Amino acid sequence: MRFGLLALAFVPLVAGHGAVTSYIIGSTEFAGYEGFAPSTSVKTIQLQWPDYNPTLDVSDPKIRCNGGKSAPLTAPVKAGENVTAVWKQWTHQQGPVMVWMFKCDGEFASCGGDGKGWFKIDEMGMWGGVLDSNNWGTAIIVKNLKWSSTIPSNIAPGNYIIRHELLALHQANTPQFYAECAQLVVAGDGTATPPADFLYPIPGYAPQSDPGITVDIYKGKETSYTPPGGRVWSGFTL
């Protein structure tokens, strides 16, 4: 009986968590990992993650790809095309959505996303000026369970890791980072690469003291919000 009560008490905690479970590129859907035993999943383009649990510290290596190390498959995408991440569950409505990429120098087998090479291609924080509201990027995912981002149209072709990150701010003083990664082969005739001031290491793109991480949505008085990790690179730099 005691074990059963403990198990029931645990259910609401994990039920609120979530992860990207598939991707849509053009008319093709690419499977991701699901559940709490991803090692039994079909082969995917997604770096295998061990569980749904959040990362709580921005300096934790797990924050990069939720502990994912490699994937057996890749997905082709054209520069300028959309990549849509799909969640099967998500419940946290306060926090930003951030989408990052990392260009691999060679094959994916030797590319772990190390070093100062990550750059944002998309993000949405808060709108409307009220912290304790549902006017956040993550609220859109609660509603749609999808997030679509455009690969910069003039980006140089090559092997890239794409990283979708949700930062849940619903629990004061306990920011929760959820990130998953997948392998993309980008095609096109572009030559653009992000300048150095758009590049960050992950972990290391922001300190735990960053206002975008420490903000208290219940007691805070801010009327605007800036996600951590610098600016979005759209492919062009003014």
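All residue numbers here refer to positions counted from 1 along the written sequence of the relevant chain. Given that the model is predicted, a residue must reach a pLDDT of at least 70 before its local features are reported, and side-chain atom pairs must reach 80 or more before they are shown or counted; all residues, however, enter totals for whole chains, interfaces and linings. Excluding hydrogens and water, the side-chain values take into account all heavy atoms of the structure.

Our focus in this paragraph is the pairing of strand 2 (residues 28-31). Here strand 1 (residues 20-25) runs beside strand 2; their pairing, made up of four bridges, is antiparallel. Pairing of Ile25 across the sheet is with Thr28, part of strand 2. Here strand 1 folds back onto strand 2 in antiparallel fashion, the turn holding two residues, of which Gly26 has a positive phi close to 65 degrees. Here the rule is simple: two strands pair whenever DSSP picks up at least two bridges between them. Here a strand is any run of E in DSSP of at least two residues, a helix any run of H or I of at least four, and the numbering for each starts at the N terminus.

Strand pairing in a sheet relies on backbone hydrogen bonds, with the paired strands running either antiparallel or parallel. If you trace the four strands from one edge of the open sheet to the other, you get 2-1-4-7, paired in antiparallel fashion. At either margin of the open sheet sits one strand with a lone partner, and together these are strand 2 and strand 7 (146-150). Recorded for the sheet is a direction-independent mean angle of 25 degrees between the axes of neighbouring strands. In the sheet, strand 1 pairs with strand 4 (residues 82-87) via five bridges, with the strands oriented antiparallel. Note that in strand 4 the partner of Ser22 across the bridge is Val86. Where helix 2 (residues 137-144) meets the sheet, it contacts strand 4 and strand 7, and its direction lies at approximately 120 degrees from that of strand 7. Angles run from 0 to 180 degrees between N-to-C directions of axes, and those axes are lines fitted to C-alpha atoms, restricted for helices to the stretch in contact. By the convention used here, residues are in contact when the closest approach between their heavy atoms is within 4.5 Å.

Two measures describe an aromatic ring pair: the distance that separates the ring centres and the angle between the ring planes. Pairing of aromatic rings covers Phe, Tyr and the six-membered ring of Trp, with a centre-to-centre limit of 6.5 Å; geometry is then stacked below 30 degrees between planes, edge-to-face above 60, and tilted otherwise. Tallied over the entire structure, the rule returns eight aromatic pairs. With a centroid separation of 5.2 Å and an interplanar angle of 35 degrees, the aromatic rings of Trp49 and Tyr52 are classed as tilted. Think of it in three bands: residues with accessible area under 20% of the maximum for their type are buried, residues over 50% are exposed, and the middle band is partly exposed, with areas taken using a 1.4 Å probe on protein chains only. For Tyr52, a relative accessible area of 9% corresponds to the buried category. Ring geometry for Phe102 versus Trp118: centroids 5.2 Å apart, planes at 45 degrees, classification tilted. Here Phe102, found in strand 5 (residues 97-103), pairs with Trp118, found in strand 6 (residues 118-124); they are 16 residues apart in sequence, far enough to count as distant. As far as burial versus exposure is concerned, Phe102 and Trp118 are alike and both buried. Directly above the ring of Phe198 sits Arg231, whose terminal nitrogen or CZ lies 4.2 Å from the centroid. Note on geometry: a ring has a charge over it if NZ (lysine) or CZ (arginine) is within 6 Å of the ring centre and within 35 degrees of the ring normal.

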